[in-house]
Amino acid sequence: MTTEVSTRGQADAALMEAAVVGGDLEKMSPAQRVQYYMRTCESLGLNFLTKPFSYIRLNGQLTLYATKTATDQLARSNSLTLRMVKTERVDDVYMVWAEATDPSGRSVTNCGAVTIGTIKGDALANAMMKALTKAYRRTTLSFVGLGWMDEL
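The sections below set out a description of the structure shown in this document. Per chain, the residues get numbers from 1 upward, laid out in the order the sequence is written. Thresholds applied to this predicted model are a pLDDT of at least 70 for local features of residues and 80 or more for the giving and counting of side-chain atom pairs; totals over whole chains, interfaces and linings are not thresholded and use all residues. To get the side-chain values, take all heavy atoms of the structure and skip hydrogens and water.

Quick look at the overall build of the protein chain
Numbering of helices and strands runs from the N terminus, with a helix taken as a DSSP run of H or I at least four residues long and a strand as a DSSP run of E at least two residues long. Scanning the protein chain from N- to C-terminus turns up 4 helices and 5 strands. Along the chain direction, N to C, the helices and strands of the protein chain fall in the order α-α-β-β-α-β-β-β-α. Whether a residue is buried, partly exposed or exposed follows from its accessible area with a 1.4 Å probe, protein chains only, as a fraction of its type maximum: under 20%, in between, or over 50%, in that order. For the protein chain, with 152 residues in total, the buried portion stands at 34%. Throughout, a contact is declared for two residues whenever any of their heavy atoms are within 4.5 Å. By sequence separation, contacts in the protein chain at least 24 residues apart represent 40% of the contacts at least 6 residues apart. What sets the accessible areas is the Shrake-Rupley method with a 1.4 Å probe; for residues, cover comes only from the shown protein chains. For the protein chain, the exposed area adds up to about 9400 Å²; of that, 54% sits on carbon and sulfur atoms.

Okay, here's the thing in structure tokens:
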């Protein structure tokens, strides 16, 4: 048994380091990205068939973005109760604070905010629902230690 890593192994390790440490999935092959995606889902107990992550470009890097599907599954698997605790409008920004609580009583609170400007009617209602969804998403990710996936 050898402790040396093959050239191919070094290349794979460098790609994995870029993904795990740097957050950049760009240099990975499609097969490596799929493997990384599936391993991430597996490590979190998420069903990859439900598309819990999307790929997004953030600060010039291709990275994973946890969707509402991911946060819904995480909330369920961690027995989280989510509730809206506060709303506030500051100038043209609408903010919602949400709290997640687990059965032991541990809780986390976070905020979701959207720009609403002068919109009215359905557009305003949709923006307000988006702020609530963002608050729940951010709170859930923070609760389970994945706040780094919400650096948007």
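After presenting the structure, the write-up continues.
Things to note about the packing of aromatic side chains
We call Phe, Tyr and Trp rings a pair once their centres come within 6.5 Å, taking the six-membered ring for Trp, and we label the pair stacked below 30 degrees between planes, edge-to-face above 60, and tilted otherwise. Tallied over the full model, the rule gives 2 aromatic pairs. An aromatic cluster is present here, built from Y37, F53 and Y55 joined pairwise through their rings. The residue whose ring lies beneath R106 is F143, and the NZ or CZ to ring-centre distance is 4.0 Å. Charge-over-ring placement is defined geometrically: NZ (Lys) or CZ (Arg) within 6 Å of the ring centre, and within 35 degrees of the ring normal.

Re the packing of helix α3 (residues 68-77) against helix α4 (residues 121-143)
Each axis is a line fitted through C-alpha atoms, taken for helices only over the stretch in contact, and angles between the N-to-C directions span 0 to 180 degrees. The geometry of α3 relative to α4 is characterised by a closest axis approach of 9 Å and an angle of 55° between their N-to-C directions. In terms of their interaxial angle, α3 and α4 are classed as oblique. Between α3 and α4 the crossing geometry is left-handed. Along the contact surface, α3 presents K68, T71, L74 and A75, while α4 presents T133, R137, T140 and L141. Convention used here: angles under 35 degrees read as roughly parallel, angles over 145 as roughly antiparallel, angles from 65 to 115 as roughly perpendicular, and any remaining angle as oblique. Handedness of a crossing follows from how the near helix is turned relative to the far one, being left-handed for an anticlockwise turn of less than a right angle and right-handed for a clockwise one.

A word on the side chain of E99
Locating E99 in the fold gives a position in strand β4 (residues 93-101). Setting aside its immediate chain neighbours within four residues, E99 contacts T81, L82, R83, V85, S107, V108, T109 and T139.

Some remarks on the environment of N78
Position of N78 relative to the elements: it lies in the loop between α3 and β3 (81-90). Placed 23 residues apart in sequence, N78 and T101 show a C-alpha to C-alpha distance of 9.5 Å. Once residues lying within four places of it in the same chain are set aside, the contact partners of N78 are D102, P103 and V144.

Quick word on the pairing of β4
Most of β4 is tucked away: 7 of the 9 residues are buried. Strand pairing is assigned whenever DSSP detects at least two bridges linking the two strands. Judged from the 9 bridges that link them, β3 and β4 form a sheet pairing that is antiparallel. Bridge pairing links T87 to V96 in β4. Counting the residues between successive antiparallel strands, the hairpin from β3 to β4 contains 2 residues, one of them, D91, with a positive phi of roughly 55°.

Focus: the nonpolar core
What is meant by a nonpolar core is a set of buried Ala, Val, Leu, Ile, Met, Phe, Trp, Tyr and Cys residues, joined one to another through side-chain atoms within 4.5 Å. Counting 15 residues, the largest nonpolar core has L25, Y36, L46, F53 and L64 as its most contacted members. When residues no more than four places from it in sequence are discounted, the contact partners of Y36 are M16, A19, V20, L25, M28 and L64. Listed in part, the 8 residues of the second largest apolar core include Y94, A98, V114 and A131.

Overview of a nonpolar patch on the surface
On the surface, V34, M38, F48 and L49 cluster together to form a nonpolar patch covering roughly 380 Å² of accessible area. With respect to the helices and strands, L49 occurs in the loop between α2 (30-44) and β1 (53-58). Residue classification places L49 among the exposed positions, given a relative accessible area of 68%. Grouping into patches uses exposed residues only, defined as over 30% relative accessible area, and leaves out salt-bridged ones; the cut-off is 9 Å for like charges and 5 Å for nonpolar side chains (Val, Leu, Ile, Met, Phe, Trp, Tyr). Criterion for a salt bridge: a side-chain nitrogen of Lys or Arg within 4 Å of a carboxyl oxygen of Asp or Glu.

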